[in-house]
Amino acid sequence: MKPLTEQEIRASFVNCTKGEAKRLNVPRGLTDLPWEDLDFLGWRDPQAPERAYLVAEVDGRLAGVALRLSTGGVGQARRSMCSLCVTTHSGGVSLMVAPRAGKAGQQGNSVGAYMCSDLACSLYVRGKRDAGPGARLHESITLEEKIERTLANLATFVAKVTA
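Throughout this description, residue numbers start from 1 for each chain and increase along the sequence as written. With the structure being a predicted model, the display of local features is reserved for residues of pLDDT at least 70 and the display and counting of side-chain atom pairs for 80 or more, all residues being used for whole-chain, interface and lining totals. The side-chain figures draw on all heavy atoms in the structure; neither hydrogens nor water molecules are used.

1. Overview of the overall build of the protein chain
By definition, any uninterrupted DSSP run of H or I lasting at least four residues is a helix, any uninterrupted run of E lasting at least two residues is a strand, and each is numbered from the N terminus. What the protein chain contains, in helices and strands, is five helices and seven strands. For the protein chain, the α and β elements follow one another from N to C terminus as α-α-β-β-β-β-β-β-α-β-α-α. As a reference, a globule follows 2.2 Å times the number of residues to the power 0.38, and the radius of gyration itself is taken over C-alpha atoms. Taken against the 2.2 N^0.38 rule, which gives 15 Å for 163 residues, the C-alpha radius of gyration of the protein chain at 15 Å falls within 12% of a compact globule. For the protein chain, the spread of C-alpha atoms along the three principal axes comes to 45 × 35 × 30 Å. Relative accessibility under 20% of the residue-type maximum defines a buried residue, over 50% an exposed one, and the middle range a partly exposed one, all with a 1.4 Å probe and only protein chains included. Going through the 163 residues of the protein chain one by one, you find that 44% of them count as buried. The contacts in the protein chain between residues at least 6 apart in sequence include a share of 55% that link residues at least 24 apart. Method for areas: the Shrake-Rupley scheme with a 1.4 Å probe, in which residue coverage is limited to the protein chains shown. Working note: accessible area of the protein chain is about 8900 Å², and carbon and sulfur atoms make up 50% of it. Here, two residues are considered to be in contact whenever any of their heavy atoms come within 4.5 Å of each other.

Below, the structure written as structure tokens:
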């Protein structure tokens, strides 16, 4: 992923108002992020732990999605799999819900998916972050194919938000 500026991040959001995008907490230290290892930028809001955000390039355009973590959550002892990167975690996967873009979102419609709670899918796929024993299933596909699968799953989720 190419490095993003705060302005690009704020302008990319598709499912919140410009005012909400202006007020959200952008991650600090953008210049220090491992951009070459990121397929998308994902972060949790340190001041509002139930909020998360992701920004991805989909079809040549940036798409930012505001997310809320489900209050029910997945139990700590239960192993769950991220629907984006196919990493399994014990307690490290959360149901994240995004209001749909436009009129559908204004009417309360939303889309949800189970995702890595820290949104570090890119780093798990590349083996740069460890989710613990058994987190990455043995697969016969290449790293590039795993990255492509993660990007395809992400594009599908973003398409559901913007549909």
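2. As for the pairing of strand S2 (residues 51–58)
Burial runs high along S2: six of the eight residues are buried. Where strand S1 (residues 41–44) lies against S2, four bridges are found, and the strand directions are antiparallel. Note that in S2 the partner of Leu41 across the bridge is Val55. A pair of strands counts as paired when DSSP detects no fewer than two bridges linking them. Taking the residues that link successive antiparallel strands as the turn, the S1-S2 hairpin has six residues.

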